[in-house]
Amino acid sequence: MTIDSQQQTTSKFRWGEMDEDDDFDFLLPPKQVIGPDENGLKKTIEYKFNDEGNKVKITTRTRVRKLASARLNKRAMERRNWPKFGDAANEEAGSHLTMVSTEEILLERPRAPGTKADESKATGDGLSQLGKGGAVLMVCRICHKKGDHWTSKCPYKDLAATTDAFIDKPPTGDSSTMSAAPGTGKAAYVPPSMRAGADRSAVGSDMRRRNDENSVRVTNLSEDTREPDLMELFHPFGAVTRVYVAIDQKTGVSRGFGFVNFVSREDAQRAINKLNGYGYDNLILRVEWATPRPT
Amino acid sequence: MRPILMKGHERPLTFLRYNKDGDLLFSCAKDHTPTLWFADNGERLGTYRGHNGAVWCCDVSRDSSRLITGSADQTAKLWDVKSGKELFTFKFGSPTRSVDFAVGDHLAVITTDYFVDRMAAIHVKRIAEDPEDQVSDSVLVLQCPDGKKRINRAVWGPLNQTIVSAGEDTVIRIWDTETGKLLNETNEEVGHKKAITSLCKAADDSHFLTGSHDKTAKAFFQLWDMRTLTLIKTYTTGVPVNAVAMSPLLNHVVLGGGQDASAVTTTDHRAGKFEAKFYDKILQEEIGGVKGHFGPINALAFNPDGKSFSSGGEDGYVRLHHFDSDYFNIKI
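Below, the structure is looked at part by part.

Conventions used here
Residues numbered from 1 in each chain as written. Chains lettered and ligands numbered in written order. Predicted model: local features only at pLDDT ≥ 70, side-chain atom pairs only at ≥ 80, totals over all residues. Heavy atoms only, no water. Helix = DSSP H or I, 4+ residues; strand = E, 2+ residues; numbered from the N terminus. Buried < 20%, exposed > 50% of the residue type's maximum accessible area, 1.4 Å probe, protein only. Contact = heavy atoms within 4.5 Å. Areas by Shrake-Rupley, 256 points an atom, 1.4 Å probe, with all protein chains shown as cover. Buried area = accessible area lost by both parts, 1.4 Å probe. Salt bridge = Lys/Arg side-chain N within 4 Å of Asp/Glu carboxyl O. Polar contact = N/O pair within 3.5 Å; in protein donor to acceptor, adjacent residues only side chain to side chain. Nonpolar A, V, L, I, M, F, W, Y, C, P; charged D, E, K, R; others polar. Pairing = 2+ DSSP bridges. Phe/Tyr/Trp six-rings, centres within 6.5 Å; stacked < 30°, edge-to-face > 60°. Lys NZ or Arg CZ within 6 Å of the ring centre and 35° of its normal. Axes fitted to C-alpha atoms, helices over the stretch in contact; angles between N-to-C directions. Arc of directions from axis to C-beta.

## Some points on the overall build of chain A
Part 1 of the argument: In terms of helices and strands, chain A carries eight helices and ten strands.
Part 2 of the argument: By the burial criterion, 27% of the 295 residues in chain A qualify as buried.
Part 3 of the argument: For chain A, contacts bridging at least 24 residues in sequence account for 45% of all contacts bridging at least 6.
Part 4 of the argument: As displayed, chain A has an accessible area near 20300 Å², and 52% of this comes from carbon and sulfur atoms.

So, in structure tokens, the structure goes:
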């Protein structure tokens, strides 16, 4: 076996004398390098003959990561090995004084003055039209988000059921009597949500009312903060039905506080726990229940 | 970019300085202990213990072997950078505000504040090679006309021929080192309107940058040509300027400021603009801002290789930023 491979490798290759049928088994395919992709993964495919003379394909996957390359001169290299002194003498290498920021900070280009003024004007108008359910700007009647979607396209359409339930709610006593009624006879029409055996449970009727008990007040907002920012910040904790940021009508800046209504109380509680004291746009947020905290 | 946050100081930062090789960063704060960090990953290397008051300024020799610090405890101290050992103490009768090594590191300029019956002054001391030989006599003492006004910064001019001083009296002065005579000063209309807080020399000493507080709530700071003292450029911000820095690589200038802690509740700004603002040095236009500090920025420094910079704030944090590649391609 070994003699064969030796012969193969040592024989001079003269392609003019080779027949077309000869296989070029002793030739190895070229090495392939699939360069580092955006994650830094590099794949190298090499072909070799192993000890038994078999052609072997070797695939190597490496991750190429570029550290902050410090091209240090000789003295700087020496300095890297200096012993720690002073207050640092007692600490281990993994000290938590130095940490990489969790936020990506960019060199923010300054906004042209024209665009900023337009932005604030638009939001001001939107808010004033909220009461009318203005058609000029898209205001969804369910979640009251301006300029995002029409009522029919509301992502919180499930809330529509609760609004209906709310409308029916005032005669609370009536609803219970009404559900009793179908049992006796088809005296009056009973909507599906209120029939006996309807999959509603107390949650359905209470959902709307509790929603305002799931209201969270956020204070110490920066002057640029608007509803979409709060929505983005709070929706990871659960479904948010409504966000509101108090805006000073004259200047168009935020008055520094706002409200977020969650669908579920637990989500609101989690949001309060996580976001109270959170640094957002260089201010420390205060997040708490909007009403006096119920027990 | 992802800045590296270094919380080694309990009190506000006052000054930051890189060494000439760009691998070490020295930070001074009001908490009495200047700290040494590695400039690439922000790892703390050591602290210099010995001062009894806020440390206002520091400078490091060209070979990064000696550190000089000026402190409010009325002393300036000379340290061995590697071991943290205190080599010598210059005693003054009043708090020291600014220190700067001369080219060659054989002289140092130290400014002192007004205190009781001592007027604010600029002292030049000779620095000996061997700390044993160090004497505390001043080679030269300069006095500004109004001795009651603080001299916030004093630096050496090109080739140590001049000393440039700037302070609370809003006037920038150029002194001759040999004779101690006042060579040049800025006048009322061209100069700053309020106290000058910071001064930064260009890498080649051909011009410098001063930052100042200003009554009009817009802070101007101007770039002066050292030899002849003419105003070259003016950069306007919306906030008082506490710190200035110039990029040694690109034509960028960085300003850091914010409000005085005491003024925050009385002014109607919702949140102080605590960002380091980048300006094009020649066009005088703002190119961007780097946010992140929770308090006014008091110190800025560029790494001599121009690829990173650090900022120190009232919040006690030092933020070390390594620039992304698109920073180097910024066009107005």
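## Let's talk about the interface of chain A and chain B
Part 1 of the argument: Taken together, the contact between chain A and chain B spans 38 residues of the former and 51 residues of the latter.
Part 2 of the argument: Counting each side, the surface lost to burial between chain A and chain B is near 4000 Å², with a carbon and sulfur contribution of 53%.
Part 3 of the argument: The interface formed by chain A and chain B holds six salt bridges in total.
Part 4 of the argument: Close ionic contact of Arg80(A) with Glu43(B) constitutes a salt bridge, the shortest N to O distance being 3.9 Å.
Part 5 of the argument: Counting the contacts that link chain A with chain B gives twelve residue pairs in polar contact (both at pLDDT 80 or more).
Part 6 of the argument: Mapped onto the side of chain A that touches chain B, the elements with two or more residues apiece are helix H2 (74-80), strand S4 (98-100), strand S7 (254-262) and strand S9 (283-284) of chain A.
Part 7 of the argument: Counting residues per element, the side of chain A that touches chain B draws most heavily on H2(A), which supplies four residues.
Part 8 of the argument: Each residue belonging to the side of chain A that touches chain B can be placed in one class, and the counts come to 17 nonpolar, seven polar and 14 charged.
Part 9 of the argument: Looking at chain direction, S4(A) and strand S1 (residues 4-6) of chain B are connected through three bridges and run antiparallel. Bridge pairing in S1(B) places Met99(A) opposite Leu5(B).

## Side note on the packing of aromatic side chains
Within a pair of aromatic rings, the relevant descriptors are the distance that separates the centres and the angle that separates the planes.
Part 1 of the argument: Applying the stated criterion across every chain yields a total of 15 aromatic pairs over all chains.
Part 2 of the argument: Between Phe323(B) and Tyr327(B), the aromatic rings sit 3.6 Å apart at their centres with planes inclined by 10°, giving stacked as the arrangement. For the pair Phe323(B) and Tyr327(B), a shared accessibility class is recorded, and that class is buried.
Part 3 of the argument: Where Phe323(B) meets Phe328(B), the ring centres are 6.2 Å apart and the plane angle is 80°; that geometry is what we call edge-to-face.
Part 4 of the argument: Owing to a relative accessible area of 30%, Phe328(B) belongs among the partly exposed residues under this scheme.
Part 5 of the argument: Here the aromatic residues Phe278(B), Phe302(B), Phe309(B), Phe323(B), Tyr327(B) and Phe328(B) are joined through ring pairs into a cluster of three or more.
Part 6 of the argument: Positioned over the ring face of Phe38(B) is Arg80(A), at 4.2 Å from the centre of the ring.

## Here we look at the sheet that holds strand S6 (residues 240-247) of chain A
All names here are of chain A.
Part 1 of the argument: A sheet is described by the order of its strands in space; here four strands give the open sequence S6-S7-S5-S10, paired in antiparallel fashion. Across the chains shown, the open sheet's two edge strands, defined by having one partner strand only, are S6 and strand S10 (286-289). For this sheet the average axis-to-axis angle between neighbouring strands, irrespective of direction, equals 20°.
Part 2 of the argument: Here S6 runs beside S7; their pairing, made up of six bridges, is antiparallel. Residue pairing in the sheet places Ile247 in a bridge with Ser254 of S7.
Part 3 of the argument: Each of strand S5 (215-219), S7 and S10 touches helix H8 (residues 265-275); the most contacted strand, S10, lies at about 150° to it.

## Quick word on H8(A)
All names here are of chain A.
Part 1 of the argument: Of all the residues in H8, the buried ones are Asp267, Ala268, Ala271, Ile272 and Leu275. Each buried residue of H8 lies within a common arc of 140° when the element is viewed along its axis, so the set occupies one face. Seen from the open side of H8, the exposed residues pointing more than 90 degrees away from its buried face are Glu266, Asn273 and Lys274.
Part 2 of the argument: Residues of H8 that are buried make contact with S5, helix H7 (227-234), S7 and S10.
Part 3 of the argument: Residue Gly277 follows H8 closely and has a positive phi angle near 90°.

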